[in-house]
Amino acid sequence: MDMFLDVLVAVLLITGCLMSLIAGIGLLTFPDMLTRMHAATKPQVLGFLLIFTAVAIHLRSWSVVPLLFLAWGMQLLTAPVSAHMIGRAGYRTKHAVKGSLYDDELRQVVDTVTKKQAVETPEVPAEQSKDSTS
Amino acid sequence: MPTKNMKHRDQRIDDALDTSGVRHRATLKQEWPLLALLIFVWAALWQDFSPANLIFGVIVALIIVTLFPLPPVVLSGRINIWFCFELFIWFIGQVFAASFQVAGLAIFRGKKTRSGVIAVELRTDSDLIVTAVGHALTLIPGSFVIDVDRRSSTLYLHYINIESQTDMERAREAVRDIERRVIMAIGSHDEFEAIKHECGPILGRVGGKK
Amino acid sequence: MMNIVMWVCGVMLGLATVACLIRVAKGPSILDRVLALDVMLIIISVALCLEMVYNRHSDYLLFVVVACTLGFIGSVTVSRYVSDQRNA
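Residues numbered from 1 in each chain as written. Chains lettered and ligands numbered in written order. Predicted model: local features only at pLDDT ≥ 70, side-chain atom pairs only at ≥ 80, totals over all residues. Heavy atoms only, no water.

Enquirer: Looking at this structure, how should I read the overall build of chain B?
Expert: When you go through chain B residue by residue, the secondary structure sums to 7 helices and 3 strands. Secondary structure of chain B in N-to-C order comes out as α-α-α-α-β-α-β-β-α-α. Within chain B, buried positions represent 42% of all 210 residues. Across chain B, contacts joining residues at least 24 apart in sequence account for 69% of those joining residues at least 6 apart. As displayed, chain B offers around 11600 Å² of accessible surface, 67% of which is attributable to carbon and sulfur atoms. (Helix = DSSP H or I, 4+ residues; strand = E, 2+ residues; numbered from the N terminus. Buried < 20%, exposed > 50% of the residue type's maximum accessible area, 1.4 Å probe, protein only. Contact = heavy atoms within 4.5 Å. Areas by Shrake-Rupley, 256 points an atom, 1.4 Å probe, with all protein chains shown as cover.)

Okay, here's the thing in structure tokens:
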């Protein structure tokens, strides 16, 4: 049984670290910022889950489970928010190169809003930002 | 869309236009999930779930909630534990599958990867469900939310590996499938009935054909 | 056996760190760099977990939680800063 658990821990650790390596490779190989976001933030969700499971199994104690769960839950709650903020900032400020997009259904909306902002009262941008950050 | 609840829509537009800066305080009844979460965080950080520590956690949580008020989160009042569990398991499975898909793309496709931005109008009207769907989509590799239009519940998503119109439709279907699952787990009665009506008797099976 | 596993994991994490550093150096925009540094912070947390497994203790768990929160605050701050530049 101990042997089995040790092998399980080893497999979990290696797969978890592999997820980090994939994030690194993705950062290097993907063509633009928005695509890189996928590589950077997402494999980590799975990677952390595997690594934390490995830690809990290896320490053979239930008392660390709430804290590990908290760390993972924190990751689950915060990762999408920061991904959304970075992605939105990149999209709106033209930091992101859009050459690799097949289709873009948001461009038209953003263009209309930007034009409106140029012409109309300053209330429009405030309302828009309130809409979109929710 | 005629199926959407107009009362919610008006409320939302009021929220968006409200520049007075005054926030409605949430009542204790609305805030108990937040309180429970804060108490759990407190106890987990101390690694001590004894009653004394929990009581002190309650005090700290109350102080935090009073000092830093948040706008109230309106819950739908319906929760189905079984569908929540199913959603969680399905979510973990999706994360597994999609992580390896992104890995394959990173290693074998690299610079040639194409992606797309799609707009999906959700059926729901509640902020909570839009947020939950957006969160789930962002956590599942292959898609993340760039922007949200709160008035029409439209999510603008960046999807990886989009090379044709069929891919876009497939992505849209996937989003609506996630929304169906979230509504079945925590949506209101009306929305649940609407989903049941839409999907027919095979509720709970994968796919949800229309 | 644990030694071999640790070596394999360490090498993978090292390669990932090198990839992040290259992206930090090259990254055309500030957001690319933030993204790469975010990944590096996660790699550091994973390394902390590895150390805990190797030495069989749980002292660094709090640091892992703190690292998650720090990464969040950092990237949100920078993206706010970038979006504000547009209005200036």
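Enquirer: For this particular structure, what's the right way to read unusual backbone geometry?
Expert: With glycine set apart, most residues show a phi of negative sign, and most peptide bonds adopt trans. Even without being glycine, R60 of chain A reaches a positive phi, approximately 55 degrees. Mapping R60 of chain A onto the fold places it in the loop between α2 (33-59) and α3 (65-92). Its identity as a non-glycine residue notwithstanding, R56 of chain C has a phi of 50 degrees, on the positive side.

Enquirer: Any chance you could explain the environment of L28 of chain A here in plain terms?
Expert: Here L28 of chain A is to be found in helix α1 (residues 2-29). Overall, L28 of chain A belongs to the partly exposed group, its relative accessible area being 26%. Put simply, L28 of chain A and A39 of chain A are 11 residues apart on the chain and 9.5 Å apart in space, counted from C-alpha to C-alpha. Look past the residues within four positions of L28 of chain A in its chain and what remains in contact with it is K111 of chain B together with A19, I22 and R23 of chain C.

Enquirer: Would you mind going over the interface of chain A and chain B with me for this structure?
Expert: Accessible area lost during the coming together of the parts is what is often quoted as the interface size. Chain A puts 50 residues into the contact, and the matching count from chain B is 54 residues. A combined buried area of about 4500 Å² lies between chain A and chain B, and 68% of that area is made up of carbon and sulfur atoms. Counting the contacts that link chain A with chain B gives 1 salt bridge. A salt bridge links R88 of chain A to D147 of chain B; its shortest N-O distance comes to 3.4 Å. Inspection of the region where chain A meets chain B yields 6 residue pairs in polar contact (both at pLDDT 80 or more). Listing elements by their share of the side of chain A that touches chain B, those giving two or more residues are α1, α2, α3, β1 (101-104) and α5 (123-133) of chain A. Sorting elements by how many residues they give to the side of chain A that touches chain B places α3 of chain A first, with 16 residues. (Buried area = accessible area lost by both parts, 1.4 Å probe. Salt bridge = Lys/Arg side-chain N within 4 Å of Asp/Glu carboxyl O. Polar contact = N/O pair within 3.5 Å; in protein donor to acceptor, adjacent residues only side chain to side chain.)

Enquirer: Would you mind showing me how to read the pattern of salt bridges here?
Expert: It is possible for side chains of opposite charge to pair when their charged atoms get near one another. Residue and element names in this part refer to chain B. In this structure the tally under the stated criterion is 11 salt bridges over all chains. Among the ionic pairs, R181 bridges to E86, the shortest N-O distance being 3.7 Å. In this pair, R181 sits in helix α6 (residues 165-186) while E86 sits in helix α4 (residues 81-109), placing the two residues 95 residues apart along the sequence. Salt bridges sharing partners connect three or more residues here, namely E86, D177, R180 and R181.

Enquirer: Help me understand helix α2 (residues 30-55) of chain C in this model?
Expert: Each turn of an α-helix holds 3.6 residues, which means side chains three or four residues apart point in the same direction. Taking 1.5 Å of rise per residue, the 26 residues of α2 of chain C would be expected to cover 38 Å, and the 38 Å separating its terminal C-alpha atoms lies within 8% of that figure. Backbone geometry just after α2 of chain C places R56 of chain C at a positive phi near 50 degrees. (Expected span 1.5 Å × (residues − 1).)

Enquirer: I tried to follow the nonpolar core on my own but got confused; where do I start?
Expert: Grouped together as the largest cluster of nonpolar side chains are 103 residues, with contacts concentrated most on L13 of chain A together with L155 and L157 of chain B. Of all the elements, α2 of chain A adds the most residues to this core, at 15 residues. Here L157 of chain B is in contact with G116, V117, I118, V120, L137, F144, V145 and V175 of chain B, once residues within four sequence places are set aside. Of all hydrophobic cores here, the second largest spans 6 residues; its members include F30 of chain A together with V102, L105 and A106 of chain B. (Core = buried A, V, L, I, M, F, W, Y, C linked by side-chain atoms within 4.5 Å.)

Enquirer: What is the right way to read the pairing of strand β3 (residues 154-160) of chain B from this model?
Expert: In summary, the side chains of a regular strand alternate between the two faces of the sheet. All names here are of chain B. Among the 7 residues that make up β3, 7 are buried, leaving the element largely enclosed by the rest of the structure. Along β3, one buried face is formed by T154, Y156, H158 and I160 and the opposite face, lined by L155, L157 and Y159, is buried too. Taken together, the 7 bridges between strand β1 (residues 115-121) and β3 define a ladder with antiparallel strand orientation. Note on β3: the bridge partner recorded for G116 is Y159. Across 6 bridges, the pairing between strand β2 (residues 143-149) and β3 is antiparallel. (Pairing = 2+ DSSP bridges.)

Enquirer: Please clarify how the interface of chain C and chain A should be interpreted in this entry.
Expert: If you look at the interface, chain C gives 48 residues, while chain A gives 44 residues. A combined buried area of about 4200 Å² lies between chain C and chain A, and 81% of that area is made up of carbon and sulfur atoms. Ranking the residues of chain C by area buried against chain A places M12, R23 and L35 of chain C at the top, with a combined share of 14%. Counting every contact that joins chain C to chain A gives 5 residue pairs in polar contact (both at pLDDT 80 or more). If you list the elements that add at least two residues to the side of chain C that touches chain A, you get α1 (2-26), α2 and α3 (61-87) of chain C. In terms of residue count, the dominant contributor to the side of chain C that touches chain A is α2 of chain C (15 residues). When its residues are assigned to classes, the side of chain C that touches chain A shows 35 nonpolar, 8 polar and 5 charged. (Nonpolar A, V, L, I, M, F, W, Y, C, P; charged D, E, K, R; others polar.)

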